[in-house]
Amino acid sequence: MVIGYVISEELINLTSLIPKITNRSDMVADLIESFLLTDKMEIIEPNYISGLQLAEFHSKDYVSTLENYSEDSEDEERLRKFGLEFDCPPFPKMFRTVCAIGGASITAADELGQGYYQVVINWFGGWHHGQPDRAEGFCYVNDCVLAIRQLRNYFARVLYIDLDLHHGNGVETAFYQTSAVLTYSVHKYESGFYPGGGGLESIGEGKGRGYSVNIPLRNGADDATLKRVIDETLDGVVERFKPEAIVCQCGADGVSGDPHQAFSYTPSGLSRAVSKVVSYNRPTLLLGGGGYNHPNVARTWTTITADLLQTDLSNEEIPDQKYFTEYGPGFEMKITASNIKNENDSSYLDFVINSVNSNFDLIK
């Protein structure tokens, strides 16, 4: 299987400017390169999109605010109106970065739609919280939505799968009333935990009723938890929905060591889930997402890449490269699951799985 890999030096540099993930993109790309995995994929040079293309989903006022921002701007009220504060502070080259992220995921969608690849990776995308009229949750653009909309030019039905620690609220909301896109999100769900949605009762509205599938997990979910809920629900979704293409957001903030300290996935556990997604043999776009322990994010997405290329890195040491010292003290690819108490006992998982599966008759 030939895999397309969306990457460019400017895409790395621009996404490395995003305040919450400074240099994360460079670290990910560098680790993938250091294991010579880049040579086993076909490089896809991303295109940039214009403000006009961004406005096909995002509001014109929001796009205009991004485009006209300068570091000398004193219009703090306007910035606040569009969410450009706190978790999404404005930053230099913000508009160019947004156009690069959106363009990279749309480029990936086009490559899939035109049949050039079965799998395309864009680890620089996956910004699933972005709203039409504001930035939210570190996300200044919702490239997931832009990519899905682009795929719909080629495929009648698109399945969106979200493996991030946080609910994929921006994507779900965008397609909540349509049956052409089914959103499926596995995430932490508890009172006060961002973004607050993604309960079992959120199943879509109108024509979209039944086409939003949420798997809300409690603290401490581990590889076995993830495997069970996916094995016992996702096959049914694919069988009923019959997607023609898949977008999978592979956020790594549920991996052990993340500052959230909420889940205890390992890179191999998340990779196993992604491999199952790819095994459905649909054109598949893999995106990045959350993850704030940057070395562990790099380990995770490099592991997923390697596993798809049938290259086992589980027992490998980190090669000597630019960020080598960041991987101490072990300097290994392997991450041990944390000892967080798993509050997802069998009875709770039974309840969640049965609740999800009971709605499958709504999917036509």
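Since the structure is predicted, the reported quantities are computational estimates derived from the model, not experimental observations. (Residues numbered from 1 in each chain as written. Predicted model: local features only at pLDDT ≥ 70, side-chain atom pairs only at ≥ 80, totals over all residues. Heavy atoms only, no water.)

This next bit is on the layout of surface pockets. Of the voids in this model, the largest pocket is the one considered here, and its volume is about 170 Å³. Considering the residues around the largest pocket, the lining is formed by Thr266, Pro267, Ser268, Thr303, Asp307, Asp312, Leu313, Ser314, Met333, Lys334 and Ile335. For the lining of the largest pocket, the elements supplying multiple residues, two or more each, are helix 11 (267–279) and helix 12 (294–308). Across the lining of the largest pocket, the residue classes tally to four nonpolar, four polar and three charged. (1 Å grid on protein atoms, 1.4 Å probe; cavity = no way out; pocket = protein on both sides within 12 Å on 5 of 7 lines; lining within 4 Å. Points joined across faces, edges and corners; volume = space filled by probe spheres on them. Helix = DSSP H or I, 4+ residues; strand = E, 2+ residues; numbered from the N terminus. Nonpolar A, V, L, I, M, F, W, Y, C, P; charged D, E, K, R; others polar.)

Moving on, we come to the packing of helix 4 (residues 60–68) against helix 6 (residues 94–113). It is at 7 Å that the axes of helix 4 and helix 6 come closest, and there the two elements cross at 125°. Comparing their axes, helix 6 and helix 4 come out oblique. From helix 4, Val63, Leu66 and Glu67 reach across to helix 6, where they touch Met94, Phe95 and Val98. The class makeup of the residues in the contact of helix 4 with helix 6 is five nonpolar, no polar and one charged. (Axes fitted to C-alpha atoms, helices over the stretch in contact; angles between N-to-C directions. Parallel < 35°, antiparallel > 145°, perpendicular 65-115°, else oblique. Contact = heavy atoms within 4.5 Å.)

Further remarks concern a negative patch on the surface. Taken together, Glu71, Asp72, Glu74, Asp75, Glu76 and Glu77 make up a surface patch of like negative charges. Positionally, aspartate 75 belongs in the loop between helix 4 and helix 5 (76–81). The partly exposed category is assigned to aspartate 75, whose relative accessible area is 39%. (Patch = residues over 30% accessible without salt bridge, like charges linked within 9 Å, V, L, I, M, F, W, Y side chains within 5 Å. Areas by Shrake-Rupley, 256 points an atom, 1.4 Å probe, with all protein chains shown as cover. Salt bridge = Lys/Arg side-chain N within 4 Å of Asp/Glu carboxyl O. Lys, Arg positive; Asp, Glu negative; His and termini not counted. Charge placed at Lys NZ, Arg CZ, Asp CG, Glu CD. Buried < 20%, exposed > 50% of the residue type's maximum accessible area, 1.4 Å probe, protein only.)

This brings us to helix 12. Compared with the 21 Å implied by 1.5 Å per residue over 15 residues, the 21 Å span of helix 12 between its first and last C-alpha is a close match. Across the 15 residues that make up helix 12, a large majority, 14, are buried. Just past helix 12, the residue glutamine 310 takes up positive phi, approximately 55°. (Expected span 1.5 Å × (residues − 1).)

This part covers the environment of tyrosine 323. Here tyrosine 323 shows up in the loop between helix 12 and helix 13 (346–357). Separated by 35 residues in the primary sequence, tyrosine 323 and serine 358 have C-alpha atoms spaced 48 Å apart. Residues contacting tyrosine 323, with those up to four places away along its chain left out, are Asn23, Asp26, Met27 and Asp30.

It is worth spelling out the packing of helix 9 (residues 223–231) against helix 11 at this point. Direction vectors running N to C along helix 9 and helix 11 enclose 15°, while the axes themselves pass 9 Å from each other. Taken together, helix 9 and helix 11 sit at an angle that is classed as roughly parallel. In this structure, helix 9 meets helix 11 at a crossing whose hand is right-handed. When helix 9 is examined against helix 11, the residues Asp223, Leu226, Lys227, Ile230 and Asp231 are found in contact with a partner set consisting of Ser268, Gly269, Leu270, Arg272, Ala273 and Lys276. Of the residues contributing to the contact of helix 9 with helix 11, the split by class is four nonpolar, two polar and five charged. (Left-handed = near helix turned anticlockwise from the far one by under 90°.)

Before going further, it helps to examine the side chain of asparagine 214. Of note, asparagine 214 is situated in strand 6 (residues 212–217). Among the polar contacts made by the side chain of asparagine 214, one reaches the side chain of glutamate 172 at a distance of 2.8 Å. Polar side-chain contacts of asparagine 214 include one of 3.0 Å to the backbone oxygen of serine 202. Contact partners of asparagine 214, with chain neighbours within four places excluded, come to His167, Glu172, Ser185, His187, Gly198, Gly199, Leu200, Ser202 and Val356. (Polar contact = N/O pair within 3.5 Å; in protein donor to acceptor, adjacent residues only side chain to side chain.)

Taken as a whole, this structure holds ten salt bridges when the rule is applied. One salt bridge in this structure joins arginine 96 and glutamate 10, with 3.1 Å as the shortest N-O distance. Residue arginine 96 is located in helix 6, and its partner glutamate 10 is located in helix 1 (residues 9–15); the two are separated by 86 residues in the primary sequence. For arginine 96, a relative accessible area of 39% gives the class partly exposed. Linking aspartate 26 and lysine 322 is a salt bridge whose minimum nitrogen-to-oxygen distance equals 2.8 Å. A residue pair is termed long-range when its members are at least 10 positions apart, and aspartate 26 in helix 2 (residues 24–34) and lysine 322 in the loop between helix 12 and helix 13 qualify at 296 residues.

A word on the environment of histidine 129. Relative to the elements of secondary structure, histidine 129 occurs in the loop between strand 3 (119–122) and helix 7 (143–151). Residue histidine 129 is classed as buried on the basis of its relative accessible area of 4%. Considering only alpha carbons, one finds histidine 129 and isoleucine 340, 211 residues apart in sequence, at a separation of 26 Å. If sequence neighbours within four positions are ignored, histidine 129 has contacts with Glu136, Gly137, Cys139, Asn142, His166, His167, Asn169, Gly170, Tyr194 and Pro195.

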